[in-house]
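Letter by letter, the chains look like this.
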Amino acid sequence: MESSIEPPRRGRPGHDQNSMLEVIVEVFTDHGYDASSLGMIATRLGLSKSAVYHHFASKAEMLEIALERALGELERVFDDAEAQEGDAVARIRYIVREAVLVACEQQQYLTLLLRLHGNSEVELRALERRRVLTARLRKTFEEARAEGSLRDDLDPGLAARFTFGLVNSLVEWYRPDGPNSPQALADGVLSYVRSGLRVNETTDFR
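The residue numbering used here restarts from 1 in each chain and proceeds along that chain's sequence as written. The predicted origin of the model limits local features to residues at a pLDDT of at least 70 and limits the giving and counting of side-chain atom pairs to 80 or more, whereas totals for whole chains, interfaces and linings rest on all residues. Side-chain numbers come from the whole structure's heavy atoms, not from hydrogens or water.

A. Broad picture of the nonpolar core. In this text, buried Ala, Val, Leu, Ile, Met, Phe, Trp, Tyr and Cys residues form a nonpolar core when linked through side-chain atoms within 4.5 Å. Burial classes: relative accessible area under 20% of the type maximum marks a residue as buried, over 50% as exposed, and values in between as partly exposed (1.4 Å probe, protein chains only). Residues V52 and L67 are the most contacted members of the largest nonpolar core, which totals 62 residues. Secondary structure elements follow DSSP: runs of H or I no shorter than four residues count as helices, runs of E no shorter than two count as strands, and numbering proceeds from the N terminus. In terms of residue count, helix α4 (residues 59–82) provides more of this core than any other element does, 11 residues in total. We call two residues in contact when some of their heavy atoms are within 4.5 Å. In contact with V52, other than residues within four places in its own chain, are M20, L38, I41, A42, L45, L47 and M62.

See the structure below:
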């Protein structure tokens, strides 16, 4: 999926948009987006306010670029899954596995997304994109139920929310230097989804 975000800008040696964004997201996460000021960001970066503005036009642009790191990757996962041939269960398997990997690889950006309050246009657009992703997963579960792979007494909308809730919970405790690799976590989440949603015994999520 193509992004409307401009390529990272280059400025002072040792400071580019990508490296600065990691620090900026830390500030947003620590203090909340609304309470984070340019002064806080500049201090954390060890730069002047004008130097920060050399790389970003506004605080809103910082947030938009950061959220794209999570949302853009998740949307790519769904686009790739929907472009594949096969049944709905195969798409669910792909979506869950890849979403876990995104949660691990883009942990700080997904954390920021999950803590939005919707107090700005950038946040509202991000929250709407998140709702669309949930709707796409719900549709896939609806297709799985129509195929006979999902238990009849579980609403596909709830299944989608339960699944995303499980994936999103990883941002609270996953550690890159911990005992569980992203691939192992993906296997575990898939196993849990299979047992929790009680798909037919012949359905293979492995």
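Still more to cover.
B. Expanded view of the layout of surface pockets. When its volume is computed, the largest pocket comes out at roughly 300 Å³. Lining of the largest pocket is provided by 14 residues; of these, R130, R131, T134, R161 and F164 occupy positions nearest its centre. Within the residue set of the lining of the largest pocket, elements represented by two or more residues are α4, α6 (107–114), α7 (121–146) and α8 (156–168). The element best represented in the lining of the largest pocket is α7, accounting for five residues. Classes in brief: Ala, Val, Leu, Ile, Met, Phe, Trp, Tyr, Cys and Pro nonpolar; Asp, Glu, Lys and Arg charged; the others, Gly included, polar. When its residues are assigned to classes, the lining of the largest pocket shows eight nonpolar, three polar and three charged. In the cavity and pocket records, a cavity denotes points on a 1 Å grid over the protein atoms alone where a 1.4 Å probe fits but cannot get out, a pocket denotes an open set with protein on both sides within 12 Å along at least 5 of 7 lines, and lining residues are residues with an atom within 4 Å of a point. Grid points are joined across faces, edges and corners, and a volume is the space filled by probe spheres set on the points.

C. Examining the environment of Y94 more closely. With respect to the helices and strands, the residue Y94 is situated in helix α5 (residues 88–105). Assessed through its relative accessible area of 22%, Y94 is described here as partly exposed. With 10 residues separating them along the chain, Y94 and Q84 place their C-alpha atoms 9.7 Å apart.

D. Local environment of the packing of helix α1 (residues 17–31) against α6. Running from amino to carboxyl end, α1 crosses α6 at an angle of 35°, the nearest separation of the two axes being 10 Å. α6 is crossed by α1, and the crossing has left-handed handedness. Side by side, α1 and α6 meet where L21, E22, V25, E26, F28 and T29 of the first sit next to Q108, Y109, T111 and L112 of the second. Of the residues in the contact of α1 with α6, the class split is five nonpolar, three polar and two charged. Helix axes are fitted to C-alpha atoms over the stretch in contact, other axes to C-alpha atoms as well, and angles between N-to-C directions run from 0 to 180 degrees. We call a crossing left-handed when the near helix sits turned anticlockwise from the far one by less than a right angle, and right-handed when that turn is clockwise.

E. Highlighting helix α2 (residues 38–45). Those residues of α2 that sit buried are L38, I41, A42 and L45. When α2 is viewed along its axis, its buried side chains cluster within an angular range of 95° and face the same direction. Considering only its buried residues, α2 is in contact with α1, α3 (49–55) and α4. With its phi angle positive at about 75°, G46 sits one or two positions after the end of α2. Throughout, the arc means that of the directions going from the helix axis to the C-beta atoms.

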